[in-house]
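Reading the structure
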Amino acid sequence: MEIKKIHSEKAPAAVGPYVQAKQAGGMLFISGQLPVEYESGELIIEDISRAAKASMENIGFILEAAGGNFKDLIKCNIYLVDMSDFAEVNEVYASFFSDGEYPARACVAVKELPKGARVEIEAIAAIK
């Protein structure tokens, strides 16, 4: 089985020794996406809704680079520094699935995230 690196110029570059995503067969494994906005390149920290949107958009850019879209997601993990952000992040997250077909998901609180981010989202997709 061929394993290939997937990269989108629209999603932020890795901040460590990893890649944006790897594809093996029809499975796509997307590394955790920090809330870096594509157009400004800004790491969003203060506005949790805007931060969640940026992380999800970055996942979308990577899905697109692999030939997929949000309907292909089968599992997401959300990491929050403060669980009181859960409701706002949930609202933004849900808006990316207009048909109500959500992937499986976990959401956990962590002590801290790279670069002082308050949210990070990783995902697994099945690309046809």
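You'll find the structure just up there.
Not measured: the values here are computed from a predicted model. (Residues numbered from 1 in each chain as written. Predicted model: local features only at pLDDT ≥ 70, side-chain atom pairs only at ≥ 80, totals over all residues. Heavy atoms only, no water.)

1. A short note on the sheet that holds strand β2 (residues 21-24)
Strand order in the open sheet formed by six strands is β1-β2-β3-β6-β4-β5, with mixed pairing between adjacent strands. Taken across any chain shown, the strands that pair with only one partner, and hence form the sheet edges, are β1 (3-6) and β5 (104-109). Between one strand axis and the next, the sheet turns by 15 degrees as a mean value, whatever way the strands run. The pairing of β2 with strand β3 (residues 27-33) spans four bridges and is antiparallel. Paired with A21 across the strands is I30, a residue of β3. Contacting β1, β2, β3, β4 (73-80) and β6 (119-126), helix α1 (residues 48-65) crosses the sheet at an angle of about 30 degrees to β6. (Pairing = 2+ DSSP bridges. Helix = DSSP H or I, 4+ residues; strand = E, 2+ residues; numbered from the N terminus. Axes fitted to C-alpha atoms, helices over the stretch in contact; angles between N-to-C directions. Contact = heavy atoms within 4.5 Å.)

2. Some words on the pattern of salt bridges
Any two side chains of opposite charge can pair, so long as their charged atoms come close to each other. Applying the stated criterion to the full structure yields five salt bridges. The closest approach of N and O atoms between K10 and E64, which form a salt bridge, is 3.8 Å. With K10 in the loop between β1 and β2 and E64 in helix α1, the pair connects residues that are 54 residues apart, well separated along the chain. Among the residues examined, E64 registers a relative accessible area of 52% and is labelled exposed. Note that K53 is salt-bridged to E57, the shortest N-O span being 3.6 Å. Of this pair, K53 and E57 are both found in helix α1, four residues apart, which corresponds to roughly one turn of the helix. You can call E57 partly exposed: its relative accessible area is 27%. (Salt bridge = Lys/Arg side-chain N within 4 Å of Asp/Glu carboxyl O. Buried < 20%, exposed > 50% of the residue type's maximum accessible area, 1.4 Å probe, protein only.)

3. Some remarks on a negative patch on the surface
Together, E46, D47, E88 and E91 make up a region of like negative charge exposed at the surface. Judged by relative accessible area, which is 39%, E88 ranks as partly exposed. (Patch = residues over 30% accessible without salt bridge, like charges linked within 9 Å, V, L, I, M, F, W, Y side chains within 5 Å. Areas by Shrake-Rupley, 256 points an atom, 1.4 Å probe, with all protein chains shown as cover. Lys, Arg positive; Asp, Glu negative; His and termini not counted. Charge placed at Lys NZ, Arg CZ, Asp CG, Glu CD.)

4. Things to note about the packing of α1 against helix α2 (residues 86-94)
In the contact formed by α1 and α2, the axes pass within 9 Å of each other and the chain directions differ by 40 degrees. Considering the angle they form, α1 stands oblique to α2. The interaxial crossing formed by α1 with α2 has right-handed handedness. Only E88, V89, V92 and Y93 of α2 make contact with α1, whose side of the interface consists of I48, S49, A52, K53 and M56. Broken down by class, the residue content of the contact of α1 with α2 amounts to six nonpolar, one polar and two charged. (Parallel < 35°, antiparallel > 145°, perpendicular 65-115°, else oblique. Left-handed = near helix turned anticlockwise from the far one by under 90°. Nonpolar A, V, L, I, M, F, W, Y, C, P; charged D, E, K, R; others polar.)

5. With respect to the packing of aromatic side chains
Overall, the coordinates contain five aromatic pairs when judged by the stated rule. An angle of 50 degrees between the planes, with centres 5.2 Å apart, marks the rings of F70 and F96 as tilted. Of this pair, F70 sits in the loop between α1 and β4 while F96 is found in the loop between α2 and β5, placing the two residues 26 residues apart along the sequence. For the ring pair F97 and Y102, a centre distance of 5.8 Å and an interplane angle of 75 degrees mean the geometry is edge-to-face. Relative accessible area serves as the criterion here: at 48%, Y102 is assigned to the partly exposed category. Grouping aromatic residues by their ring pairs yields a cluster made of F70, Y93, F96, F97 and Y102. Just above the ring of Y93 sits the side chain of R105; from NZ or CZ to the centre is 4.7 Å. (Phe/Tyr/Trp six-rings, centres within 6.5 Å; stacked < 30°, edge-to-face > 60°. Lys NZ or Arg CZ within 6 Å of the ring centre and 35° of its normal.)

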